[in-house]
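# Coordinates in review
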Amino acid sequence: MIEVKGLVKLYGDRKVLHGLNFSVGTGRVCGLLGPNGSGKSTTMDILAGLLGPSSGSVQICGYDVVEQTQEVKEHVGYLPDNPPLYKEMKVIDFVNYVAKLRSIGGKNRKTAVERVIEDCDVSDVTHRVIGNLSKGYRQRVALCAALIHQPKVLILDEPTEGLDPNQILHIRKLIKKIASERTVILSSHILSEVQATCDEVIIINHGHIAAKTSMQNDKTKPLYYLYTFASKTENALHWFQQRNYVKSAKPMSQKNNSILVEFGSEFWADSAGENIANVTEQIVQQNFPLIGIEEKKEGLEEIFFEVIRSQPGHHQAQISPTGEII
Ligand SMILES: Nc1ncnc2c1ncn2[C@@H]1O[C@H](COP(=O)(O)OP(=O)(O)OP(=O)(O)O)[C@@H](O)[C@H]1O
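Notes on the structure in this doc start here. (Residues numbered from 1 in each chain as written. Predicted model: local features only at pLDDT ≥ 70, side-chain atom pairs only at ≥ 80, totals over all residues.)

## Side note on the overall build of the protein
Rules: Under the DSSP-based scheme used, a helix requires at least four consecutive residues in state H or I and a strand at least two consecutive residues in state E, with every element numbered from the N terminus. Using C-beta atoms placed from the backbone, we call a residue buried if 20 or more other C-beta atoms fall within 10 Å of its own, exposed if 12 or fewer do, and partly exposed for counts in between. We call two residues in contact when their backbone-placed C-beta atoms lie within 7 Å.
A count of helical and extended segments in the protein gives twelve helices and 14 strands. Considering the protein as a whole, with its 326 residues, one finds that 32% of them fall into the buried category. Counted over contacts in the protein with a minimum sequence separation of 6, partners at least 24 positions apart contribute 66%.

## Focus on the packing of helix α3 (residues 91-101) against helix α4 (residues 106-119)
Selection criterion: What counts as an axis is a line fitted to C-alpha atoms, over the stretch in contact for a helix, and the angles between N-to-C directions run from 0 to 180 degrees. With respect to orientation, any angle under 35 degrees is reported as roughly parallel, any angle over 145 as roughly antiparallel, any angle of 65 to 115 as roughly perpendicular, and every other angle as oblique. Take the far helix as the reference: if the near one is turned anticlockwise from it by less than a right angle, the crossing is left-handed, and if turned clockwise, right-handed. Put simply, Ala, Val, Leu, Ile, Met, Phe, Trp, Tyr, Cys and Pro go in the nonpolar bin, Asp, Glu, Lys and Arg in the charged bin, and everything else, Gly too, in the polar bin.
In the contact formed by α3 and α4, the axes pass within 10 Å of each other and the chain directions differ by 130°. Comparing their axes, α4 and α3 come out oblique. For the element pair α3 and α4, the recorded crossing hand is right-handed. Listed contacts from α4 to V95, N96, A99 and K100 of α3 are R109, A112, V113, V116 and I117. Considering only residue class, the contact of α3 with α4 consists of six nonpolar, one polar and two charged.

## Some remarks on the site of the ligand
Note the threshold: Nearness here has a simple definition: the residue's C-beta atom, placed using the backbone, must lie within 6 Å of the molecule or strand.
Close to the ligand lie Y11, V16, G34, N36, G37, S38, G39, K40, S41, T42 and H189. Top element by residues in the shell around the ligand is helix α1 (residues 40-47). It accounts for three residues.

## What to know about the sheet that holds strand β1 (residues 2-11)
Consider a sheet: its strands pair through backbone hydrogen bonds, and that pairing is either parallel or antiparallel. Where we set the bar: If DSSP finds at least two bridges between two strands, the strands pair.
The strand order β2-β1-β4-β5 describes an open sheet built from four strands, whose pairing is antiparallel. Each edge of the open sheet is held by one strand with a lone partner, namely β2 (14-24) and β5 (63-64).

## Notes on the pairing of strand β3 (residues 29-33)
The buried count for β3 comes to five of five residues, which makes it a mostly enclosed element. Both faces of β3 are covered, namely the face carrying V29, G31 and L33 and the face carrying C30 and L32. Bridge count for β3 against strand β8 (residues 183-188) is five bridges, and the pairing is parallel. Residue pairing in the sheet places G31 in a bridge with L186 of β8. Examined bridge by bridge, β3 and strand β9 (residues 200-205) share four bridges and lie parallel to one another. Directly across from G31, in β9, lies its bridge partner V201.

Set out below in C-alpha cells:
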C-alpha cells in the first residue's frame, strides 16, 4: 500500500533523507519515530505528494507520487503538523466546504459529511465555531477533513502533539477505529505514543532508518548479552574480534581499562546451551578476567535509547517517564 525505495531528499545541498526503504501494508498502523529534525515531516510530505523527492521512488496504492500526484492525492488523507482550519467557520460548514473542494457533490456530500462527523466524534460540536474549540476537538475536525474522501492511506504528522492526556487517549482510539481498513502512517517523537497505537515502527535518525520492528517482535525478541572484561589489551580485543560469534568487541572508554564484548545470535541462539559452554571454556582458557555480564533486551526502547544517545548533545537529552524526549 505504501512502498518507499531509496528515498533521498536534499534541501539545497543538504541531504536530510539518505535513501529510506520501507513498506506498510493494508490495515497496518506504522509509526515513524524519531527525534526532532530527524526527517519525519519531510518523509510525510513526500508520501502525501506535497514535496518532491530528490531521488528514489514512493508508491501509494500503486501510484507514483511524482508521476501520478493527482491519483496519490485522491488516495491519501493527510493530517499535517499544523492542520489548516478556518477558525471563524462552524464545524459543519467547514466539513461541507472541504467536501466541496474534494468535488463530492449532492447527496454523496451529505452522506460523506455525516460519516466523518460520526467517525471523528464531533457530532456534539457541529454548530460551534472552530476557533472556540479545544485543541483536541480541532484535531478531530482536521481529521474529518483528512477522511472526507475515504482515502485508503492516512498520513498523520504528530497527531497527538500538544493535546492533554484525555484528548490523547481519544485520538488514539479514533486512529485505531479508522485504521481497520486503511494503511496508516503516523509520526511521533514520543516512544509511548507509537507503542500505544502502532503495529509496527520505523525509527528514523538523521535521515537514516535506525531500526524497523513490529510491536509483536518487540515483546518476543530474545535477549543478548554484554560481557565486560578487565583488559584493554590489543590482544584481547583482537582475539574477540576474530570470533564469528562475537557481534562487537570494543574498548569501554578511554578512562576505563576494560573491553565490552557483545555476543551475536550464534552464541545465544535457541540451541546454544552447548555452544555457550564451549565458548565460555575458550574464554576461560584465554585468562581474560570477566568483570560483568549484562543481559539486554533488544526491544524498541533500547533501540530508541541508542538513537537518542547518538544525537549531538545527547548528554542533555533524556526520556521522560512517558517516553518523550526532553
Ligand atoms: N524547507 C526546508 N528547507 C531546508 N531545510 C529544511 C526544510 N524543512 C526541513 N528542513 C531540515 O530538514 C531536517 C529534517 O526536518 P523535518 O522537519 O523533516 O524533521 P522532523 O523529524 O519532522 O522534525 P520535527 O519533529 O522537529 O518536526 C531538519 O534538519 C530541518 O531543519
